[in-house]
Amino acid sequence: MALQNKYLADLLEKVKQRNQGEPEFIQAVTEVFVSLEPVAEKRPDLVEAGVFERIVEPERQIIFRVPWVDDNGKTQVNRGFRVEFNSAIGPYKGGLRLHPSVYLGIIKFLGFEQIFKNSLTTLPMGGGKGGSDFNPKGKSDAEVMRFCQSFMTELSKHIGPDTDVPAGDIGTGAREIGYMFGQYKRLRNEFTGVLTGKGLTFGGSLARTEATGYGVCYFTDELLKANGKSFEGQTVVISGSGNVAIYATQKATELGAKVVALSDSNGYIYDENGIDLELVKQLKEVERKRIKEYVNVHPEAKYTEGCSGIWTIPCDIALPCATQNEIDEASAKTLAENGCYAVIEGANMPSTPEAIEVYFANNMLFGPAKAANAGGVAVSGLEMSQNSERLSWTFEDVDNRLHNIMKEIFKSCDEAAKEYGMEGNYMAGANIAGFLKVAEAMKAQGCV
Ligand code: NDP
Ligand code: 2IT
């Protein structure tokens, strides 16, 4: 993806110089800049206001030591991060990733994406992201608790319900959010909506658990309908088997599709009869086991080691819901050759730039992450509203609001793409629509 606009091309060079060793962050900025070329041409006022230079530099980056004691009494040290990227339209908002691959570049790419995603939700939330290279896998509950308490001891100095509101992401689910919330409350002596994704007994919102996966399917449904198609009778492949993958499977099935595959970082299962989701929930949410255990109950299903092979399964629609860069050029080509006509991203940046080029070259429908997976943070925003008014809304109410938000997000992407002469390019539409709201706010607030 080469930039034609000289101003953006020069700026991208500076970003590359200043952020060496952070390829995921450069990848995310490059994709957004390519989409924003027509905006830079049409809106010299935003160039004049230095919006582009400012939006690629986080407002604040915090890196800290997270010491904790394991079950053998040995001291362990992890590294904690919080990148407060942009607060032009609301308090910093975004999840916490706990995974051994976490380093500053991953958190910066996620925080950068979050700015535009949160803007698309229509709710007043800025962009942020955090996490640690701590690996929750194989740790006891007590170890996870000690890590979370240590992590929050430092993080609590930087966040607050009107400042920065973290939530879940890979490796951070209800258990981790509970431990972190408890520690924040103890340290600050206040009960506030400082985290979202909380348990239902202490301020969590109904439908937050389901929100990202459901939202991906509501978005997909809009995109398919706009292109004369629907989920009905379609074969769907979904990667991952975590929070997003599970609830995407549930909603896609409800909407008439057959989901035939799921994965984890070790391998994937293929069940021609359609995934038995209750079993996956039991294995993954309750027992924290590996996806390969599925075939012990369903011997007719097939387990294969290695996760990228999942894209060789023939399907109509692919929903990558595991992690960044999980579909490369070769996998994208295989999907296209096998007749897949739509890729909608549940994970953040799951397609490499080369994979995206393959989608466009084959006229596939493409739903970009920052629009398609915005349902999670949207319901986090609704959780913040409920916490502020000290009320809880019903599941149906939250789900209806989520559905409407996803419809609105699709509409904004579609309209922005049309307005800038790129009809059907929802990636450009998402980047432009998400950017413009933040850019107007940054311009109005002056050089800060
Ligand atoms: P979970 O931790 O619940 O699940 C993650 C899933 O992806 C697991 O099946 C995991 O397998 C797999 N996975 C993680 N890392 C890798 C890797 N490096 N290679 C292969 N597989 C991997 O996370 P979520 O479902 O919450 O998140 C999934 C994606 O969705 C992420 O990109 C996240 O940023 C994004 N997202 C999440 C939102 C949310 O509300 N939770 C909102 C919007 C986006 P294993 O168990 O083996 O690690
Ligand atoms: O990537 C994401 O949007 C999330 N992990 C959810 C963030 C949130 O604040 O709910």
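Described in the following lines is the structure provided in the data block. The model shown is predicted, which means the values in this text are computed figures rather than measured ones.

### Examining the site of ligand 2
So, point 1. Every one of the 14 residues lining ligand 2 counts as a neighbour, but Lys93, Lys117, Asp169, Arg208 and Ser380 are closest to it.
So, point 2. One of the side-chain N or O atoms of lysine 129 is found 3.0 Å from an oxygen atom in ligand 2.
So, point 3. The separation between an oxygen atom of ligand 2 and a polar side-chain atom of asparagine 348 is 3.0 Å.
So, point 4. Protein contacts shield 94% of the accessible area of ligand 2, which totals 300 Å² for the unbound molecule.
So, point 5. Only β3 (92-98), α5 (104-120) and α15 (375-389) provide two or more residues apiece to the shell around ligand 2.
So, point 6. Of the residues in the shell around ligand 2, the class split is 2 nonpolar, 7 polar and 5 charged.

### Structural notes on the site of ligand 1
So, point 1. Not every one of the 26 residues close to ligand 1 is listed here, only the nearest: Asp169, Thr212, Ser265, Arg290 and Asn348.
So, point 2. Contacts to ligand 1 include arginine 208, whose side-chain N or O atom sits 2.9 Å from an oxygen atom.
So, point 3. Serine 265 is positioned such that a nitrogen or oxygen atom in its side chain is 2.4 Å from an oxygen atom of ligand 1.
So, point 4. For ligand 1, whose accessible area on its own is 890 Å², the fraction buried by protein is 85%.
So, point 5. Counting residues per element, the ones that place at least two in the shell around ligand 1 are α8 (208-226) and α9 (243-254).
So, point 6. Tallied by class, residues from the shell around ligand 1 come to 6 nonpolar, 13 polar and 7 charged.

### A closer look at the pairing of strand β1 (residues 60-69)
So, point 1. For β1 and strand β2 (residues 75-86), the ladder comprises 10 bridges, and the chain directions are antiparallel. The residue bridging arginine 65 from the neighbouring strand is arginine 79, located in β2.
So, point 2. The turn joining β1 and β2, which pair antiparallel and follow one another in sequence, is formed by 5 residues; a positive phi near 80 degrees is taken by glycine 73.

### Observations concerning helix α7 (residues 174-188)
So, point 1. Its 15 residues place the ends of α7 21 Å apart at the C-alpha level, agreeing with the 21 Å of an ideal helix rising 1.5 Å per residue.
So, point 2. For α7, the complete set of buried residues consists of Arg175, Glu176, Ile177, Met180, Phe181, Gln183 and Tyr184.
So, point 3. Where α7 is buried, its residues contact β3, α6 (141-155) and β5 (164-167).
So, point 4. Asparagine 189 sits one or two residues past α7 and shows a positive phi near 55 degrees.

The rules behind each value
Counting restarts for each chain, with residues numbered from 1 along the sequence as it is written. Chains and ligands are labelled by the order in which they are written, letters from A for the one and numbers from 1 for the other. With the structure being a predicted model, the display of local features is reserved for residues of pLDDT at least 70 and the display and counting of side-chain atom pairs for 80 or more, all residues being used for whole-chain, interface and lining totals. Side-chain measures here rest on the full set of heavy atoms in the structure, leaving out hydrogens and waters. Residue proximity to a molecule or strand is established when one non-hydrogen atom of the residue lies within 4 Å of it. Definition of a polar contact: a pair of N or O atoms within 3.5 Å, with one able to donate and the other able to accept a hydrogen when the atoms are protein atoms, and with sequence-neighbouring residues admitted only if both atoms are side-chain atoms. The Shrake-Rupley method, run with a 1.4 Å probe, gives the accessible areas here. Residue values count only the displayed protein chains as cover. Counting from the N terminus, the helices are the DSSP runs of H or I reaching at least four residues and the strands are the DSSP runs of E reaching at least two. We call Asp, Glu, Lys and Arg charged. Ala, Val, Leu, Ile, Met, Phe, Trp, Tyr, Cys and Pro are nonpolar, and the rest, Gly among them, are polar. A pair of strands counts as paired when DSSP detects no fewer than two bridges linking them. A helix is expected to reach a length of 1.5 Å times the quantity of its residues less one. Burial classes: relative accessible area under 20% of the type maximum marks a residue as buried, over 50% as exposed, and values in between as partly exposed (1.4 Å probe, protein chains only). Contacts are assigned to residue pairs that have any heavy atoms within 4.5 Å of one another.

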